Amino acid sequence: MTDLATYNFAYLDEQTKRMIRRAILKAIAIPGYQVPFASREMPMPYGWGTGGVQVTAAIIGPEDVLKVIDQGADDTTNAVSIRAFFQKVANVAVTTHTKDATIIQTRHRIPEHKLAEGQILVYQVPIPEPLRFLEPRETETRKMHALEEYGLMHVKLYEDIAHNGRISKTYAYPVKVAGRYVMDPSPTPKFDNPKMHRSEALQLFGAGREKRIYAVPPYTDVVSLDFEDYPFEIQTFDKPCALCGAENVYLDEVVLDDKGGRMFVCSDTDNCEDRREHGHVGAMLAPAKEAAE
Amino acid sequence: MNIKTQALSGGFGEPVFESQGVFRMLMDGMARPGTIRTVGPDVGQPEPLGGAAGAIAVTLCDHETPVWLSAGLARSATGEWIGFHTGAPITREKAEARFAFVEAGATLASFGLFSAGTQEYPDRSTTLVIEVSALGEGQPLTLTGPGIPHATTVMVKGLPEVFPRLWADNRALFPRGVDVILTAGKKLLCLPRTVRIATQ
């Protein structure tokens, strides 16, 4: 613990934590509503997850086990840095296993493994306002939320259908929370939207540069916006994961060479590794295994 | 103990970790309304402020959060105690208060004078901490809403008779409205504004 002497526990000073904690409590009481908060400078640039980091720092305690993912992966730069940051400033246990974590900070994915009661999912959010690209003025979007005036969003989805024959938005797909607020689920693929609906875990969202915190309590309706004749659909993949053979998971495309070779692998690295440990083998691992025998 | 020494005693022994623990209890309580939790640390709050209510004050209040006290608490050392430990100003204006503390048995006429926030900023509302005689026994209340899988029943003793009606009025204001934390000694029960309460 002597290494911690130069910082307060979890980096933030106590007054900042109180301010963030008050914002979190109000955010939970008004599901989907963006609570303004006095976002601080963090020892990393805006855009690197400062909102999520501040939320995590305000809630984390010595008993917590932290997992950090970036696009589903535990081993990418952003995830590794933030995990190391909390090991250094809070001395907390860390894990890559979804089911062992009490707090999961995420950039743009929801783990494939179903989250359980007692777990907290903290999202890093770049632009919290779902209406921002339709209406740039904060005064106007705030009024639209106040009046529950979301016609503009439906017009946008309708125009998508008129131009493309379908709703072409594939990530940051707008949702309605508890039948009231339209919310940006952060740039998660729309594949993950159904996981938010009545999730057993508490979901907290932090946007550092935009200075907003919002939340979805457990067992809360989260409905993706759609039309009766154009219902919401998630992405589907033709092939299973090339490494673990998983179906019905979100896959990343990896380019293998300059001759058009490519593979599709699980975006959730923990889920993929866990499956391989349990003997699941995908198409591209199978020949290697046979050759070894 | 006179009022001066009462005000200066108590507080968290380990402010960083104990306030984190109490906050997590509040956060889990707000996220799962209907669950009764028991606060661990003893904060040495003056009578008639309860143990959980005192812990909430030192966890969440500071110079940015004006605090309103009910008549019984205003007569006690509570104001000085909160002032000394948190730096929070005590206000007589309900509408200014970010937090309001109400002692057990105090009359509750209405939530109307407390801040319910605005339609644009519903988060700028008062959080009321109301002491009741017991949690886990007494009158059964059925709660529904976000954070509750289907419905949950919780027992509360000593809840003011008008509370269910006041709460229904408060619920009708959504997204505006006050949030309530019921406390009884070291126990607490969170009622975010989204909760619907049915009495049996």
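Residues numbered from 1 in each chain as written. Chains lettered and ligands numbered in written order. Predicted model: local features only at pLDDT ≥ 70, side-chain atom pairs only at ≥ 80, totals over all residues. Heavy atoms only, no water.

**Concerning the overall build of chain A**
Regarding its fold elements, chain A presents 8 helices and 12 strands. Taking 293 residues into account, the globule formula puts the C-alpha radius of gyration at 19 Å, and chain A, at 20 Å, falls close to it. Taken over the C-alpha atoms alone, chain A extends approximately 60 × 60 × 35 Å along its principal axes. Classification of the 293 residues of chain A by burial places 54% in the buried group. Taking the contacts inside chain A whose residues are at least 6 apart along the sequence as the reference set, 62% of them involve residues at least 24 apart. By element, 52% of the accessible surface of chain A is carried by carbon and sulfur atoms, the whole surface being about 13,000 Å². Each charge class in chain A can be summarised by its mean position, and for the 34 positive and 42 negative side chains these summaries are 6 Å apart. (Helix = DSSP H or I, 4+ residues; strand = E, 2+ residues; numbered from the N terminus. Rg over C-alpha atoms; globule rule 2.2 N^0.38 Å. Buried < 20%, exposed > 50% of the residue type's maximum accessible area, 1.4 Å probe, protein only. Contact = heavy atoms within 4.5 Å. Areas by Shrake-Rupley, 256 points an atom, 1.4 Å probe, with all protein chains shown as cover. Lys, Arg positive; Asp, Glu negative; His and termini not counted. Charge placed at Lys NZ, Arg CZ, Asp CG, Glu CD.)

**A few points about the side chain of A:Gln15**
Relative to the helices and strands, A:Gln15 is located in helix α1 (residues 14-29). Overall, the relative accessible area of 16% leaves A:Gln15 in the buried class. One polar contact links A:Gln15 to A:Arg40, side chain to side chain, over a distance of 3.4 Å. Within the structure, the side chain of A:Gln15 is placed 3.3 Å from the side chain of B:Glu64, a separation counted as a polar contact. Residues within four places of A:Gln15 in sequence aside, it is in contact with A:Arg22, A:Arg40, B:Asp62, B:His63 and B:Glu64. (Polar contact = N/O pair within 3.5 Å; in protein donor to acceptor, adjacent residues only side chain to side chain.)

**Thoughts on the sheet that holds strand β10 (residues 222-224) of chain A**
Residue and element names in this part refer to chain A. Spatially, the 3 strands line up as an open sheet ordered β7-β6-β10, and their pairing is antiparallel. One side of each edge strand has no neighbouring strand; the edge strands of this open sheet are β7 (181-183) and β10. Along the sheet, successive strands turn relative to each other by an average axial angle of 35°, direction set aside. Across 3 bridges, the pairing between strand β6 (residues 175-177) and β7 is antiparallel. Within β7, the residue paired with lysine 176 across the bridge is valine 182. (Pairing = 2+ DSSP bridges. Axes fitted to C-alpha atoms, helices over the stretch in contact; angles between N-to-C directions.)

**Focus on helix α4 (residues 138-146) of chain A**
All names here are of chain A. Along α4, the residues that are buried comprise Thr141, Arg142, Met144, His145 and Ala146. If you follow the buried residues of α4, they end up packed against β1 (35-36), α5 (151-164), β7 and β9 (212-216). Where α4 terminates, the next one or two residues include glutamate 148, which has phi positive at roughly 55°.

**Focus: the sheet that holds strand β8 (residues 187-191) of chain B**
All names here are of chain B. Strand order in the open sheet made by the 6 strands is β1-β8-β7-β4-β3-β2, with mixed pairing throughout. Of all strands in the sheet, those bounded by a partner on one side alone are β1 (37-38) and β2 (67-69). The pairing of strand β3 (residues 99-102) with strand β4 (residues 127-131) spans 4 bridges and is parallel. Paired with valine 102 across the two strands is isoleucine 130, which belongs to β4. Along the sheet face, helix α3 (residues 51-60) touches β3, β4, β7 (179-184) and β8 and points at about 135° away from the line of β7.

**Some thoughts on unusual backbone geometry**
For the peptide bond that leads from B:Glu47 to B:Pro48, omega is 0°, which places it in the cis range. Here B:Pro48 shows up in the loop between β1 and α3. Residue B:Pro175 is bonded to the preceding B:Phe174 through a cis peptide linkage, with omega at 10°. Unusually for a residue other than glycine, A:Ala178 sits at a positive phi of about 50°. Within the element layout of this structure, A:Ala178 appears in the loop between β6 and β7. Unlike most non-glycine residues, A:Arg198 shows phi in positive territory, near 50°. As for its placement among the helices and strands, A:Arg198 is situated in the loop between α6 (193-196) and β8 (202-207).

**Brief notes about the interface of chain B and chain A**
On the side of chain A, 44 residues touch chain B, which itself brings 39 residues to the contact. A buried area of about 3,300 Å², summed over both sides, lies between chain B and chain A, and 63% of it is on carbon and sulfur atoms. Where chain B packs against chain A, one counts 6 salt bridges. The salt bridge partner of A:Glu117 is B:Arg32, with a shortest N-O separation of 3.4 Å. Of all elements in the fold, only α2 (15-31) and α3 of chain B reach the threshold of two or more residues within the side of chain B that touches chain A. Considering every element that reaches the side of chain B that touches chain A, the biggest residue donor is α2(B), with 11 residues. Tallied by class, residues from the side of chain B that touches chain A come to 19 nonpolar, 11 polar and 9 charged. (Buried area = accessible area lost by both parts, 1.4 Å probe. Salt bridge = Lys/Arg side-chain N within 4 Å of Asp/Glu carboxyl O. Nonpolar A, V, L, I, M, F, W, Y, C, P; charged D, E, K, R; others polar.)

**A short note on α3(B)**
Of all 10 residues in α3(B), 10 are buried; the element is thus mostly enclosed. When we look at burial in α3(B), the residues that qualify are B:Gly51, B:Ala52, B:Ala53, B:Gly54, B:Ala55, B:Ile56, B:Ala57, B:Val58, B:Thr59 and B:Leu60.

**Focus: the packing of α2(B) against α3(B)**
Residues and elements named next belong to chain B. The N-to-C vectors of α2 and α3 enclose an angle of 110°; their axes lie 9 Å apart at closest approach. Between α2 and α3, the crossing angle belongs to the class labelled roughly perpendicular. Within the contact between the two elements, α2 uses Ser19, Val22, Phe23 and Leu26 and α3 uses Ala55, Ile56, Thr59 and Leu60. (Parallel < 35°, antiparallel > 145°, perpendicular 65-115°, else oblique.)

**What to know about the side chain of B:Arg171**
On the secondary structure map, B:Arg171 appears in helix α6 (residues 163-172). Lacking a salt bridge, the buried B:Arg171 has B:Asp179 as its closest oppositely charged neighbour, with an N-O distance of 9.6 Å.

**Quick word on the packing of aromatic side chains**
All names here are of chain A. Summed over all chains, the structure comprises 14 aromatic pairs over all chains. When the centroid spacing of 5.3 Å and the interplanar angle of 45° are considered together, the rings of tyrosine 7 and tyrosine 11 count as tilted. Relative accessible area serves as the criterion here: at 23%, tyrosine 11 is assigned to the partly exposed category. When the ring of phenylalanine 85 is compared with that of phenylalanine 86, the centres are 5.2 Å apart and the planes differ by 75°; the resulting orientation is edge-to-face. Here phenylalanine 85 matches phenylalanine 86 in class, with each residue buried. Clustering of aromatic rings is evident, with ring pairs tying together Tyr7, Tyr11, Phe85 and Phe86. Directly above the ring of tyrosine 171 sits lysine 169, whose terminal nitrogen or CZ lies 5.2 Å from the centroid. Directly above the ring of tyrosine 181 sits arginine 180, whose terminal nitrogen or CZ lies 4.4 Å from the centroid. (Phe/Tyr/Trp six-rings, centres within 6.5 Å; stacked < 30°, edge-to-face > 60°. Lys NZ or Arg CZ within 6 Å of the ring centre and 35° of its normal.)

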